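Survey of secondary and tertiary structure
Here's the letter readout for the chains.
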Amino acid sequence: MIKNDVDITPELIAEHGLKPDEYQRILDLIGREPTLTELGIFSAMWNEHCSYKSSKKWLRTLPTEGPRVIEGPGENAGVVDIDDGDVVVFKMESHNHPSFISPYEGAATGVGGILRDVFTMGARPVAAMNALRFGAPENERTRHIVSGVVEGIGGYGNCFGVPTIGGEVNFDARYNDNCLVNAFAAGLAKADGIFLSEAKGVGLPIVYLGSKTGRDGIHGATMASAEFDDDSEEKRPTVQIGDPFSEKLLLEATLELMKTGAVIAIQDMGAAGLTCSAVEMGAKGNLGVNLDLDKVPCREEGMTAYEMMLSESQERMLMVLDPNKEEEAAAVFKKWDLDFAIVGETTDDQRFKVYRHKELMADLPINELGDEAPEYDRPWVESPKLEPVAAADVPAPDDLGKALIQLVSLPDMCSRRWVWEQYDNLIQGNTMAGPGGDAAVIRVGDQGKGLAFAVDVTPRYCEADPIEGGKQAVAECWRNLTAVGAEPLAATDNLNFGNPEKPEIMGQLVGCIQGIGEACLALDMPIVSGNVSLYNETNGQAILPTPAIGGVGLMPDVTKRVGNSFVATGEIILLIGAHEGHLGQSIYQRDIVGKAAGAPPKVDLAAEKKHGTFVRTAIREGRVTAVHDISDGGLLVAVAEMGMGSKIGASLTPSKDTPLHAWAFGEDQACYVVTVPATSAETFVKDALSAGIPTQAIGTTGGNELTVEGSHPISLTDLDAAYEGWLPNYMSAPDTH
Amino acid sequence: MKSAVIVFPGSNRERDMLYALEQIGGQKPLTVWHQETTLPDVDLIVLPGGFSYGDYLRTGAIAGLSPIMKAVKEQADKGVRVLGVCNGFQILTETGILPGALLRNAHLKFVCKEVELEVATNKSVFTSAYNANQVIRCPVAHHDGNYFADEDTLNRLEAEDRIAFRYTQATNPNGSIRNIAGIMNEQKNVLGMMPHPENLIEAAQGGTDGRGIFESALETIA
């Protein structure tokens, strides 16, 4: 064993993100002082990002199983059965800290990482989405970050060749110094063509494939497990550099290699690179791993074992190959011009041994590296409950139309066209419904099937009431999938929170997970993969709790779907769901009145399921022509969006039981706006009511204005200009940073 | 008619193209790897979209030096039909098979949207299925589609009826000079175009306006 030429001081231990008691745990585990390389390995395996040490206890409570779930959390991505022997493989993962420090590279490598997770399992990526949260528009850095992040996502995904078909964008001062970039990817595979990371067999070659290892990204995962301060800019070297071209080659080579039957186990090198991937393959197979770092293809000279074990260079894979298929494998690597090398072998001693220049740099018990990682039951306090706000206590606008125009031009509400036109959303030729709808839809295979994708969370609800907010994130995602006609199958969660060592932040995490769990259970949408990003704080200021939910839904017949724009004039507009005009924590209250307050809308999961099931059936039976769920901005915003998309206006009669502004802008849950042909409206309403679904006709489509009885008509042209104008105008202003 | 699609490292719309050719031509096209030096006997050679060699150095520059491109040029000279779409168009200008260059989009951003194309001539093997001056819908998806050539070249292209497609003035997505979206060589057997007709060939994709190019080139309609 090599002797340390540096002292393992308390300062050095702290720099590795390890607490004194965690270091003691290491000493107890190995019975001696770790080498510097070993200290690095522990820091990589035991940081929050890789070990989930603060969240594990609570993540275990989430429902992760279901009749269609083939692989739940624990693999690179979740795997869900979509009939006919096909599976969808998907996951969402954050790349928040790197994206703040270096927006283009951070976001690009976030996309690269999630795509790799998907194709490592043998699935060809077919869809990508992203959930983005930026600081307040007036913050001097925001424009720069938006511009870089969007360009980075496009730069990577477009070149790689996956359609980016959906996502969310929010602005809030709470993300000023800590943006969120959550990237989602889904791929398709055959159920019998899934590859896992569990190594099998002793004495088998461990093969390194892909780009060379450099010094980029060292300690990336450790950085992602700490708060930021004013010096965070100095962490730029911890951000990885992406090369989507290499990733595309790696994709094709990996899938081709899998077809040869040579791959026994495979793991991509993501966070904590070579360390995590090698340990995971060995530990899952209950084997040991020997690595000879002299064999690792390096980009730079003189890299130490420590640097190589912690490098987060992108576009790299580690695999255990069948030695009998070595020739076929080598031919594939050569064809795609990728570096590959046999860098080690599996052993039966359950040790993780790392050699450099023939010297033993690390010798650790492989199972304990993962299993014995610290796990915390951190103290937490419940967020204080807020009283509901009565609609009558929320000031009404002077002019409904002006308020509506103001609403649709808000940073959080306006069109995201500026963003998604920078993403190739058509490549692969299967995009049936791209960005801008309630959910995006792609077709799958040639049997006429389709998959729908949506990503949702309403952070202000989560802060006001973590449990209801957690429920609402799942419910809205489920509702969006339903609104196009899909049956929600499963979800991935990306939990973004502040510092878990603060009991109130921990309380947000615990509450949101509880809400997510309840909703997933009630709506039969298990969590099959996910990622936790904590310590999203700068100088003590935490982000809004943001548990993004990415959902996948199945459409047996992809032609049986609807969009969220009106399709014809003279149709009847129906409101489905109990709509009472809930204004607490609404966009109207926050941005028009000026201060969000009170309890967020209650989520009645039984009603969600009942209403959604009814709407989905109606879509599949061809009884409705357009569907849009009610969410941010409320009923009138939903109707306005349906009109702007089609350039068809509407005349509405407001409810007499609710104050006008609450009827227009209340954000009640489990509600949909649907259109039906005039001839079938009466029967439709009768059927809905007899099924116990609150349904009422609220108006008709037609004209080029949006008219609410008793208020000034609003021209669609004005609405559209306001809706489409804000983001391009904002982004074209000179960059001040 | 038989067709072949050339695949370079970084091509990424080759599957879309293979699908379109098979759907419309009724025959599975061949796939040819860029390191080949000869081409199979086909009636149509297609250079698909993508980011060959990651667009490094300059779009299409490295792919233009691939071994297969010598064979493509020979076949083009012999009169075999060659269609280059997006990155394929960029490769054709890099190799000098087509004149001009594709610069970075005027607004400096990648753009993916639907545009309108005017069929500038239907007197070609690629556009005969359309009416003259017909306006069709077609998606674009590129970062470097801003066509440029010197005045003399542009005048010659126009005089020789070699402009196949123009963006309508209102939908020019990239600043291309004279709204040029696609041009042909002197013999009019090579077409390069930035838009992606292969992504709009069936009702499920929202329209069939892109079919005409393949129907023309593969002579699937009498």
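For clarity, every value in this text was computed on a predicted model and none was experimentally measured. (Residues numbered from 1 in each chain as written. Chains lettered and ligands numbered in written order. Predicted model: local features only at pLDDT ≥ 70, side-chain atom pairs only at ≥ 80, totals over all residues. Heavy atoms only, no water.)

Thoughts on the overall build of chain A
Assigned secondary structure in chain A consists of 25 helices and 28 strands. Relative to its length of 737 residues, chain A is compact, with a C-alpha radius of gyration of 26 Å against a globular reference of 27 Å. C-alpha atoms of chain A, sized along the principal axes, occupy 85 × 50 × 45 Å. Counting across all 737 residues of chain A, residues that qualify as buried make up 65%. Taking the contacts inside chain A whose residues are at least 6 apart along the sequence as the reference set, 85% of them involve residues at least 24 apart. In the structure as shown, chain A presents an accessible area of about 24,700 Å², 50% of it carried by carbon and sulfur atoms. (Helix = DSSP H or I, 4+ residues; strand = E, 2+ residues; numbered from the N terminus. Rg over C-alpha atoms; globule rule 2.2 N^0.38 Å. Buried < 20%, exposed > 50% of the residue type's maximum accessible area, 1.4 Å probe, protein only. Contact = heavy atoms within 4.5 Å. Areas by Shrake-Rupley, 256 points an atom, 1.4 Å probe, with all protein chains shown as cover.)

Quick word on the interface of chain B and chain A
Contacts between the two partners involve 25 residues from chain B, matched on the other side by 24 residues from chain A. Of the roughly 2,100 Å² buried at the junction of chain B and chain A (both faces included), carbon and sulfur atoms supply 57%. If you sort the residues of chain B by the area they bury against chain A, W33, F110 and C112 of chain B come out on top, with a joint share of 24%. The salt bridge involving R13 of chain B is made with D424 of chain A; its shortest N-O contact spans 2.6 Å. Counting across the interface, chain B meets chain A through nine residue pairs in polar contact (both at pLDDT 80 or more). The greatest single-element share of the side of chain B that touches chain A, amounting to four residues, is contributed by helix 1 (residues 14-25) of chain B. Classifying every residue of the side of chain B that touches chain A by side-chain character gives twelve nonpolar, six polar and seven charged. (Buried area = accessible area lost by both parts, 1.4 Å probe. Salt bridge = Lys/Arg side-chain N within 4 Å of Asp/Glu carboxyl O. Polar contact = N/O pair within 3.5 Å; in protein donor to acceptor, adjacent residues only side chain to side chain. Nonpolar A, V, L, I, M, F, W, Y, C, P; charged D, E, K, R; others polar.)

Description of the sheet that holds strand 24 (residues 650-652) of chain A
All names here are of chain A. Taken together, seven strands build an open sheet; the order of strands is 23-25-22-26-24-27-28 and the sheet is mixed. One side of each edge strand has no neighbouring strand; the edge strands of this open sheet are strand 23 (626-629) and strand 28 (714-715). Where strand 24 and strand 27 (residues 705-708) come together, three bridges link them in parallel fashion. Looking at strand 27, one finds that A650 is bridged to L706. In this fold helix 22 (residues 634-646) packs onto strand 22 (572-576), strand 23, strand 24, strand 25 (672-676), strand 26 (695-701) and strand 27, with an angle of close to 145 degrees to the strand it touches most, strand 23. (Pairing = 2+ DSSP bridges. Axes fitted to C-alpha atoms, helices over the stretch in contact; angles between N-to-C directions.)

Digging into helix 2 (residues 20-30) of chain A
Residue and element names in this part refer to chain A. If you check which residues of helix 2 are buried, you get E22, Y23, I26 and I30. Angularly, the buried residues of helix 2 cover 100 degrees about the axis, an arc narrow enough to put them on a single face. Turned more than 90 degrees away from the buried face of helix 2, the exposed residues are P20, D21 and D28. Buried residues along helix 2 sit in contact with helix 1 (10-15), helix 3 (36-46) and strand 13 (359-365). (Arc of directions from axis to C-beta.)

Here we look at the environment of M1 of chain A
All names here are of chain A. Relative to the assigned elements, M1 resides in the segment before helix 1. For M1, a relative accessible area of 45% translates into the label partly exposed. Each C-alpha atom of the pair M1 and L360 lies 5.1 Å from the other, and the pair is 359 residues apart in sequence. If we ignore the near neighbours within four places in the chain, the residues touching M1 are R32, T35, E38, L360, M361, A362 and D363.

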